[in-house]
Amino acid sequence: MAERRFEISRIPGFATVAVATFVMLYLPIAALVTYSFNAGNSVAVWEGFSLHWYQDAWNNQAVKDATARSLIIAVCAAVISTTVATLAAMGTTRRARFRGDTFIYVAINQPLMVPEIVTAVALMILFGMVKEATGYQGLGYLILAHSAFCIPFAYLPIRARLEGMDLSLETAAGDLYATPWQTFRHVTLPLLGPGILAGAMLAFVISLDDVIITEFVKSGGQDTLPTYMLGQLRRTMTPEVNAISTALLALTVVLLTIFFLLTRKRE
Amino acid sequence: MTEAVTIEARNAVKAFGQGDHVVRALDDVSIQIRKGEFFTLLGPSGCGKTTLLRLIAGFEMPTSGTILLDGADITDLPPNRRPVNTVFQSYALFPHLTVAENVGFGLTMQGRPKAEVKARVDQMLALVKLEPMAGRKTSQLSGGQQQRVALARALAPQPKVLLLDEPLSALDLKLRKEMQVELKRLQTETGITFIFVTHDQEEALTMSDRIGVMSAGKLQQVGSPKEIYTRPVNRFVASFIGETNFLPATVVPGGVKLSTGDVVEVATAAQGTVTLTVRPEQVRIVGAGEAGAIAARVKFNVYFGTDTHCHMALADGTEVVARVQSPASGEAGVVEGTDVGIRFAPGAAQVLED
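Model, not experiment: these values are computed from the prediction.

About the cut-offs
- Residues numbered from 1 in each chain as written.
- Chains lettered and ligands numbered in written order.
- Predicted model: local features only at pLDDT ≥ 70, side-chain atom pairs only at ≥ 80, totals over all residues.
- Heavy atoms only, no water.
- Helix = DSSP H or I, 4+ residues; strand = E, 2+ residues; numbered from the N terminus.
- Areas by Shrake-Rupley, 256 points an atom, 1.4 Å probe, with all protein chains shown as cover.
- Lys, Arg positive; Asp, Glu negative; His and termini not counted.
- Charge placed at Lys NZ, Arg CZ, Asp CG, Glu CD.
- pLDDT = per-residue confidence, 0-100.
- Expected span 1.5 Å × (residues − 1).
- Buried < 20%, exposed > 50% of the residue type's maximum accessible area, 1.4 Å probe, protein only.
- Arc of directions from axis to C-beta.
- Contact = heavy atoms within 4.5 Å.
- Bend = angle between axes of the 7 residues up to and from the residue.
- Core = buried A, V, L, I, M, F, W, Y, C linked by side-chain atoms within 4.5 Å.
- Buried area = accessible area lost by both parts, 1.4 Å probe.
- Salt bridge = Lys/Arg side-chain N within 4 Å of Asp/Glu carboxyl O.
- Polar contact = N/O pair within 3.5 Å; in protein donor to acceptor, adjacent residues only side chain to side chain.
- Nonpolar A, V, L, I, M, F, W, Y, C, P; charged D, E, K, R; others polar.
- Phe/Tyr/Trp six-rings, centres within 6.5 Å; stacked < 30°, edge-to-face > 60°.
- Pairing = 2+ DSSP bridges.
- Axes fitted to C-alpha atoms, helices over the stretch in contact; angles between N-to-C directions.
- Patch = residues over 30% accessible without salt bridge, like charges linked within 9 Å, V, L, I, M, F, W, Y side chains within 5 Å.

1. Thoughts on the overall build of chain B
Right, so step 1: Counting secondary structure elements, chain B contains 8 helices and 20 strands.
Right, so step 2: Projected onto its principal axes, the C-alpha coordinates of chain B cover approximately 80 × 50 × 45 Å.
Right, so step 3: In the structure as shown, chain B presents an accessible area of about 16300 Å², 51% of it carried by carbon and sulfur atoms.
Right, so step 4: Placing the 36 positive and 38 negative side-chain charges of chain B at their respective mean positions leaves the two points 7 Å apart.

2. Quick look at the confidence of the model for chain A
Right, so step 1: Put simply, chain A has an average pLDDT of 89, and 97% of its residues get 70 or more.
Right, so step 2: Mean pLDDT across the elements of chain A ranges from a minimum in helix H12 (residues 239–266) of chain A, with 83, to a maximum in helix H10 (residues 212–217) of chain A, with 94.

3. With respect to helix H6 (residues 116–134) of chain A
Residues and elements named next belong to chain A.
Right, so step 1: Taking 1.5 Å per residue, 19 residues should reach 27 Å; H6 reaches 26 Å between its end C-alpha atoms and fits that length.
Right, so step 2: Every buried residue belonging to H6 is among Ala-120, Leu-123, Phe-127 and Lys-131, and all of these are buried. Along the axis of H6, the buried residues cluster in a sector spanning 70 degrees; they form a single face. In H6, the exposed positions angled more than 90 degrees off the buried face are occupied by Met-129, Glu-132 and Ala-133.
Right, so step 3: Check the buried side of H6 and you find it contacts helix H7 (140–163) and H10.
Right, so step 4: With its phi angle positive at about 85 degrees, Gly-135 sits one or two positions after the end of H6.

4. Regarding helix H9 (residues 180–209) of chain A
It helps to recall that an α-helix has 3.6 residues per turn; residues three or four apart then point in one direction.
Right, so step 1: Compared with an ideal rise of 1.5 Å per residue, which puts 30 residues at 44 Å, H9(A) spans 38 Å between its outermost C-alpha atoms and falls more than 12% short.
Right, so step 2: The principal kink in H9(A), of about 55 degrees, is found at A:Gly193, preceding the proline A:Pro194 by one to four residues.

5. A few points about the nonpolar core
Right, so step 1: A:Val217, B:Leu41, B:Leu52, B:Phe94, B:Phe105, B:Leu163 and B:Ile195 are the most contacted members of the largest nonpolar core, which totals 73 residues.
Right, so step 2: When sequence neighbours within four positions are dropped, the list of residues in contact with B:Ile195 reads B:Ile7, B:Ile33, B:Phe39, B:Leu41, B:Leu53, B:Ile56, B:Val161, B:Leu162, B:Leu163 and B:Leu164.
Right, so step 3: Counting residues in hydrophobic clusters, the runner-up holds 34 residues, among them B:Phe38, B:Tyr91, B:Val121 and B:Leu141.

6. Concerning the interface of chain B and chain A
Right, so step 1: Taken together, the 24 residues of chain B in the interface contact 17 residues of chain A.
Right, so step 2: For the pairing of chain B and chain A, the buried interface totals around 1700 Å² over both sides, and the portion due to carbon and sulfur atoms is 67%.
Right, so step 3: Remark: the boundary between chain B and chain A carries 0 salt bridges.
Right, so step 4: Summed over the shared surface of chain B and chain A, the number is 6 residue pairs in polar contact (both at pLDDT 80 or more).
Right, so step 5: Taken together, the elements giving at least two residues each to the side of chain B that touches chain A come down to strand S6 (84–87), helix H2 (99–109) and helix H4 (143–155) of chain B.
Right, so step 6: Taken together, the residues that form the side of chain B that touches chain A break down as 15 nonpolar, 7 polar and 2 charged.

7. Quick look at the packing of aromatic side chains
For any two aromatic rings, the description comes down to two numbers: the centre-to-centre distance and the angle of the planes.
Residue and element names in this part refer to chain A.
Right, so step 1: For the structure shown, the criterion picks out 13 aromatic pairs over all chains.
Right, so step 2: Between the aromatic rings of Phe-22 and Tyr-26, the centroid separation amounts to 6.5 Å while the plane-to-plane angle is 15 degrees, which identifies the pairing as stacked. Of this pair, Phe-22 and Tyr-26 both sit in helix H1 (residues 14–35), 4 residues apart, roughly one helical turn.
Right, so step 3: Ring-pair connections join several aromatic residues into one group, and the members of that group are Phe-37, Phe-49 and Tyr-54.

8. Points about the pairing of strand S11 (residues 245–252) of chain B
Residues and elements named next belong to chain B.
Right, so step 1: Sheet analysis places S11 next to strand S14 (residues 273–278), joined by 6 bridges and oriented antiparallel. Its bridge partner lying in S14, Ala-249 is registered against Val-274.
Right, so step 2: In the sheet, S11 pairs with strand S12 (residues 255–258) via 4 bridges, with the strands oriented antiparallel. Of the residues in S12, the one forming a bridge with Ala-249 is Leu-258.
Right, so step 3: Between S11 and the antiparallel strand that follows it, S12, lie 2 residues; Gly-254 among them carries a positive phi value of about 85 degrees.

9. A closer look at the sheet that holds S6(B)
Whenever strands of a sheet pair, they do so through backbone hydrogen bonds, lying parallel or antiparallel.
Residues and elements named next belong to chain B.
Right, so step 1: Within the open sheet, the 6 strands sit side by side as S6-S7-S8-S3-S9-S10. Their pairing is mixed. Only two strands of the sheet have a single partner each, and these edge strands are S6 and strand S10 (218–223). Each adjacent strand pair in this sheet contributes to an overall mean axis angle of 20 degrees, direction not counted.
Right, so step 2: Sheet analysis places S6 next to strand S7 (residues 161–165), joined by 4 bridges and oriented parallel.

10. Some details on the sheet that holds S11(B)
Residues and elements named next belong to chain B.
Right, so step 1: Taken together, 5 strands build an open sheet; the order of strands is S13-S12-S11-S14-S20 and the sheet is antiparallel. For this open sheet the edge positions go to strand S13 (263–265) and strand S20 (350–353), each flanked by a neighbour on one side alone. Within this sheet the neighbouring strands show an average axis-to-axis angle of 45 degrees, counted without direction.

11. Re unusual backbone geometry
What you tend to see is this: most non-glycine residues have negative phi, and most peptide bonds are trans.
Residues and elements named next belong to chain B.
Right, so step 1: The phi dihedral of Tyr-91 is positive, around 70 degrees, even though this residue is not glycine.
Right, so step 2: Mapping Tyr-91 onto the fold places it in the loop between S6 and H2.
Right, so step 3: The backbone of Ala-216 sits at a positive phi, close to 50 degrees, despite the residue not being glycine.
Right, so step 4: With respect to the secondary-structure elements, Ala-216 resides in the loop between strand S9 (210–215) and S10.
Right, so step 5: With relative accessibility at 62%, the residue Ala-216 sits in the exposed group.

12. Focus: a nonpolar patch on the surface
All names here are of chain A.
Right, so step 1: Together, Ile-117, Val-118, Val-121, Met-124, Ile-125, Leu-126, Met-129, Val-130 and Ile-212 give the surface a local cluster of nonpolar side chains, amounting to about 710 Å² of exposed area.
Right, so step 2: With 8 residues, the top contributor of residues to the nonpolar patch is H6.
Right, so step 3: Assignment of secondary structure puts Met-124 in helix H6.
Right, so step 4: For Met-124, a relative accessible area of 38% corresponds to the partly exposed category.

13. As for the environment of B:Arg34
Residues and elements named next belong to chain B.
Right, so step 1: Within the secondary structure layout, Arg-34 lies in strand S2 (residues 23–34).
Right, so step 2: C-alpha of Arg-34 to C-alpha of Ala-4: the two residues are 30 residues apart in sequence and 5.7 Å apart in space.
Right, so step 3: Sequence-distant contacts of Arg-34, that is, excluding residues within four places in its chain, are made with Glu-3, Ala-4, Val-5, Thr-6, Thr-193 and Arg-210.

14. Some remarks on the pattern of salt bridges
All names here are of chain B.
Right, so step 1: Counted under the stated rule, the structure contains 27 salt bridges over all chains.
Right, so step 2: For Arg-210, the salt bridge goes to Glu-37, with nearest N and O atoms at 2.9 Å. Placement of Arg-210 in strand S9 and of Glu-37 in the loop between S2 and strand S3 (38–42) is noted, with a sequence separation of 173 residues between them.
Right, so step 3: Between Arg-185 and Glu-182 there is a salt bridge whose closest N-O contact spans 2.9 Å. Remark: Glu-182 and Arg-185 occur in helix H5 (residues 173–190); sequence separation between them is 3 residues, near one turn of the helix.
Right, so step 4: In this structure Arg-185 comes out as partly exposed when scored by relative accessible area, which is 25%.
Right, so step 5: Overall, Glu-182 belongs to the buried group, its relative accessible area being 8%.
Right, so step 6: One continuous salt-bridge network, built from bridges that share partners, spans Lys-129, Arg-148, Glu-182, Arg-185 and Glu-189.

If you want it as structure tokens, here you go:
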């Protein structure tokens, strides 16, 4: 007779907990999306179907500016953090172990451990001094700050991919007359592709979503989409916020789908 | 005739670890490998054969000692600047490239013109009989085909030396036999020096021009397959290659005296306690009491098909195995319990110093 395996689905109440979990996860999002199509002004009372909040958001110059800013920052932060993270991952996996390599691992992942509000205040003070000294008020501060806290999110998937990669491929490339740079360019990088893509997308989404550090670091008139929406809280909330959130959600879903398709094709 | 030396290792030492935990994977090895020969490094796992190969390839730097290629010191050159290519045990084919791109990789990295790369790739694929697979990804190939791609890839840049790190160990027996013949053919056709690493003594004996037997980081013996088999220099080499009998003995004038008191005529310069070694196929079974024969009793027979191993005990219990050809019909070997005499074929017995 076959041995009876432990199956978690046999525990009493499994179905209830499972359903409750999914409801908790998706009901708020469903409500958000539904009310983005509300004809009335309320985010809580349904008054019929309409697309005019999307139209309002689309025509709102403040929203357009915030979106553009968010995208510029997220793209720059994703590119910079992924580049740095790739180099860091190479440096921490493609060499002999050395004293203090655990410390370096911790140091790279610092943004995951230090409370974000602490970093936010620290950056505000530091950048305040730099702004004072240089007079530069541009988006550079936000890009720099976002790049920094996105590094661990880009680093972890790239490192995971590198650790799973057979070192003998790079050895073979070197054996076949490839210089270290050619080996990286023709072997490591192509094989690392899915990991880098995953890291970059994660970094992009994390940057797009950030409120706390952005709120503290931004100069006047530098609202990103999330801080703009936060600002709206202080006035009367309209389903415009729902519409913007739904658009962000759609963007994220599209990105994740592209990523899924790309990585699956490569396997 | 002195043949040109292609690869030479001088007093190569490779130590791993630090402080009290130093392991000498390679312990003062000096070896000369001749131009155009099929040289095999043979030994059990952990004997240092792969370490020596990696030093020649440039994947590891020796702790001390030098590696020379055609007389020039290449010890400090990185792998990509040595005209030496490797066939890896795991093949290490690039999964993101096609078969043709894999084979052309070395030439492309050297910056050769595209037309030359293509011509050479076609030539190599023809050599290993894989032309129809040129556009495939390597993951779509069988183990044997991947092995051929690895070979073609390593041979394409026309290296001075080809290093092969147990390349046949992942193949099943039938395919392994085919590839042995194939490798020998490729080596003859290309004229490139092959350095082949294996722990399989049969593979070493059938394929090599010369064999270097290694154990515990040291080179035990270098010689032709026949020299290694018939004239092993020590107990390790004698027992690692083929099967053999070991008989404790002491040196007496004109030969050695076995523990049974029988004297075997054999030339030796050794003194005192030694070991006499005789291959089972050199042990002849004769009638009991025959003049000059050593008395023995048959214990049991092991049937191998073409021949039968007859296990016997000498008067003092020392075991001796004789290999006899199996008869076409009737019982193989000699009936258990029979008293017999044994002789050693002339020149077959050899003295090993303990």
